[in-house]
Amino acid sequence: MNHALIVIDVQNDFCPGGALAVTGGDAIVAGINALMDDFRTVILTQDWHPRGHSSFASSHPGSAPMDVTDMPYGPQVLWPDHCIQGTTGAAFHSDLRTDGDLIIRKGYNPAIDSYSAFFENDRATPTGLEGYLRTRGITRLTLVGLALDFCVNFSAVDAARLGFDVTVRTDLSRAIDANGSLDAAIAGMRDAGVALAA
Ligand code: VGL
Ligand code: ZN
């Protein structure tokens, strides 16, 4: 009753063939669809950037994807153009069940990236998801999806800091794993009190 499933960014651009493909990103879809049957509340998130978003390397002359730049809110990895609003790349994987209760979009602010489903990367601007969960009396969250070391990680750590009881199903998530990001994410989630289950 008080336990929601949050499916993070299972979108074409994060699956094989997409602009920011995560290895095996499509291999988790069937398992996520099956897991949805166990939850009364299912929420899906969608990375949703305007063209020319500030997190794109193409918006920073002389930069390449995976470079890190300094933004007013801190360091930011620069990505290939991905999940542009309304494009096929931003659409959910075609096999993913989308009959959940809420779809929350993030990353629409041109000046700030948003890995987390709760706060933009300034760690201060809320998306509204916390209020949605609290007003529905939800206290426990299970997270799955893409990418384990970025959007799943940031969402899980923020949720734990907000006081939710958080589990990440690592078997139903896949990582980008650039420059040690997966190991750092696992350590950070453990430190924040996130339960990792497989
Ligand atoms: C993501 C990088 C950029 C993610 C989104 O969903 O993990 N990663 N935008
Ligand atoms: Zn993004």
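Remember, it's a predicted structure, so these values are computed and weren't measured experimentally. (Residues numbered from 1 in each chain as written. Chains lettered and ligands numbered in written order. Predicted model: local features only at pLDDT ≥ 70, side-chain atom pairs only at ≥ 80, totals over all residues. Heavy atoms only, no water.)

Ser181, Ala185 and Met189 are the residues of helix α4 (residues 181–191) that are buried. All buried residues of α4 fall inside an arc of 65° around its axis, so they share one side. Along α4, exposed side chains directed more than 90 degrees from the buried face belong to Asp183, Arg190 and Asp191. Looking at the packing, one finds that the buried side of α4 touches α3 (148–161), β7 (165–174) and β8 (195–197). The positive-phi residue at the C-terminal boundary of α4 is glycine 193, with phi of around 90°. (Buried < 20%, exposed > 50% of the residue type's maximum accessible area, 1.4 Å probe, protein only. Helix = DSSP H or I, 4+ residues; strand = E, 2+ residues; numbered from the N terminus. Arc of directions from axis to C-beta. Contact = heavy atoms within 4.5 Å.)

It is worth spelling out the layout of surface pockets at this point. Of the voids in this model, the largest pocket is the one considered here, and its volume is about 190 Å³. Looking at the largest pocket, the residues that line it are Val68, Tyr73, Gly74, Pro75, Gln76, Val77, Tyr115, Asn121, Arg123, Phe150 and Phe154. Counting only elements with at least two residues in the lining of the largest pocket, the list comes to β4 (74–77) and α3. It is β4 that contributes the most residues to the lining of the largest pocket, four residues altogether. (1 Å grid on protein atoms, 1.4 Å probe; cavity = no way out; pocket = protein on both sides within 12 Å on 5 of 7 lines; lining within 4 Å. Points joined across faces, edges and corners; volume = space filled by probe spheres on them.)

Next up on the list: the sheet that holds strand β5 (residues 102–106). Within a sheet, each strand pairs with its neighbour through backbone hydrogen bonds, oriented either parallel or antiparallel. In spatial order, the strands read β5-β2-β1-β6-β7-β8; together these six strands make up an open sheet with parallel pairing. The two strands at the open ends of the sheet, each matched to only one other strand, are β5 and β8. Adjacent strand axes in the sheet meet at a mean angle of 25°, parallel and antiparallel pairs treated alike. Pairing analysis gives four bridges linking strand β1 (residues 3–8) to strand β2 (residues 41–47), with the strands arranged parallel. Note on β2: the bridge partner recorded for leucine 5 is valine 42. (Pairing = 2+ DSSP bridges. Axes fitted to C-alpha atoms, helices over the stretch in contact; angles between N-to-C directions.)

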